[in-house]
Amino acid sequence: RRSYKVNRRNLSLALSSCTISPADANTIVMGSWDNSVYIYSISQGAIIAEGRAHDDAVSSVALTENRVVSGSWDGTVKVWDVMMMRAPIINNKATMATTHQGSNNMQQQPVLELDEHDHPVMCVCTDPTARVACSASQDGMVLVWDLRTGKRSQRKIKAHKREVTSLSLSNTGYDVT
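Predicted model only: the values in this text are computed from it and were never measured. (Residues numbered from 1 in each chain as written. Predicted model: local features only at pLDDT ≥ 70, side-chain atom pairs only at ≥ 80, totals over all residues. Heavy atoms only, no water.)

A. Up close: the nonpolar core. Grouped together as the largest cluster of nonpolar side chains are 13 residues, with contacts concentrated most on Val69, Val77, Val79, Leu114, Val124 and Leu147. It is strand 14 (residues 141-146) that provides the largest number of residues to this core, a total of 3 residues. For Val124, the residues in contact, after removing those within four places along its chain, are Ser60, Val61, Ala62, Val69, Ser70, Gly71, Val77, Cys134 and Ser135. Of all hydrophobic cores here, the second largest spans 12 residues; its members include Val58, Val61, Leu63 and Trp80. (Core = buried A, V, L, I, M, F, W, Y, C linked by side-chain atoms within 4.5 Å. Buried < 20%, exposed > 50% of the residue type's maximum accessible area, 1.4 Å probe, protein only. Helix = DSSP H or I, 4+ residues; strand = E, 2+ residues; numbered from the N terminus. Contact = heavy atoms within 4.5 Å.)

B. The side chain of Ser70, seen in detail. Structurally, the position occupied by Ser70 is in strand 7 (residues 67-72). In this structure the side chain of Ser70 is engaged in a polar contact, spanning 2.8 Å, whose partner is the side chain of His54. At 3.1 Å, the side chain of Ser70 forms a polar contact with the side chain of Trp80. Those residues within four positions of Ser70 in sequence are excluded, and the remaining contacts are Val37, Ala53, His54, Val58, Ser60, Val61, Thr76, Val77, Lys78, Trp80 and Val124. (Polar contact = N/O pair within 3.5 Å; in protein donor to acceptor, adjacent residues only side chain to side chain.)

C. Examining the pairing of strand 13 (residues 132-137) more closely. Of all 6 residues that make up strand 13, 6 are buried, and the element is covered over most of its length. Here strand 13 shows a buried face lined by Val132, Cys134 and Ala136 and a second buried face lined by Ala133, Ser135 and Ser137. Between the antiparallel neighbours strand 12 (residues 121-126) and strand 13 lie 5 residues, among them Ala130 with a positive phi of about 60°. In the sheet, strand 13 pairs with strand 14 via 5 bridges, with the strands oriented antiparallel. Residue pairing in the sheet places Ala136 in a bridge with Val142 of strand 14. Counting the residues in the hairpin turn of strand 13 and strand 14 gives 3 residues, including Gly140, whose phi is positive at 85°. (Pairing = 2+ DSSP bridges.)

D. Broad picture of a negative patch on the surface. Together, Asp55, Asp56, Glu113 and Asp115 make up a region of like negative charge exposed at the surface. By the element assignment, Asp115 lies in the loop between strand 11 (112-114) and strand 12. (Patch = residues over 30% accessible without salt bridge, like charges linked within 9 Å, V, L, I, M, F, W, Y side chains within 5 Å. Areas by Shrake-Rupley, 256 points an atom, 1.4 Å probe, with all protein chains shown as cover. Salt bridge = Lys/Arg side-chain N within 4 Å of Asp/Glu carboxyl O. Lys, Arg positive; Asp, Glu negative; His and termini not counted. Charge placed at Lys NZ, Arg CZ, Asp CG, Glu CD.)

E. A look at the pairing of strand 6 (residues 58-63). In terms of burial, strand 6 is largely enclosed, as 6 of its 6 residues are buried. One ladder, built from 5 bridges, connects strand 6 with strand 7; its direction is antiparallel. Counterpart to Leu63 in the pairing with strand 7 is Val68. What sits between strand 6 and strand 7 in their antiparallel hairpin is a turn of 3 residues.

F. Layout of the confidence of the model for the protein chain. Per-residue pLDDT for the protein chain has a mean of 76; in total, 75% of the residues score no lower than 70. Here residues 84-102 is modelled with pLDDT under 50, and outside its nearest four sequence neighbours on either side it reaches 54 contacts, counting other chains as well. (pLDDT = per-residue confidence, 0-100.)

G. Molecular detail of the environment of Lys151. Residue placement: Lys151 occurs in strand 15 (residues 151-158). In this structure, the C-alpha to C-alpha distance between Lys151 and Glu113, residues 38 residues apart in sequence, is 9.8 Å.

H. Highlighting unusual backbone geometry. Notably, Asn35 is not glycine yet its phi reads approximately 75°, a positive angle. Relative to the assigned elements, Asn35 resides in the loop between strand 3 (27-32) and strand 4 (36-41). Take Asn35: its relative accessible area is 11%, and that puts it in the buried class.

Here it is as structure tokens:
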């Protein structure tokens, strides 16, 4: 496993994954080994939102214009709402708490919590419209989720005998590779 470090006010973050916003190419969502998700603004040069997202390390994050999907070694996949205005933030309610460092805290309740994996989740992905998400676990199982209902679709794919480390969806959201 590879980690990346981001320095933040004399704090070093061990990052497990990251993705850049398809909407503005200015926002990066990062998953961390400290169980948290961070949102970083390139133009501001700072973390603008953060929060503890899982009970174990965040192994993968995916981002659409209005949703962040995070997968974790705790075996769960969580979906968070994002407001992409002046300062993109993770938010599933109308209010956010601001920390003394000036960044926004994520709300602690995800929009959806998907917990049908029996093993650690290694990777997640979404289609561009945020209708479908896929997650893959350490046992080689790939699950396809309907993000509109929060239910697993009928698709449960035993993709490999070992862990699946990367997933992508076609633009239509129907082909998993």
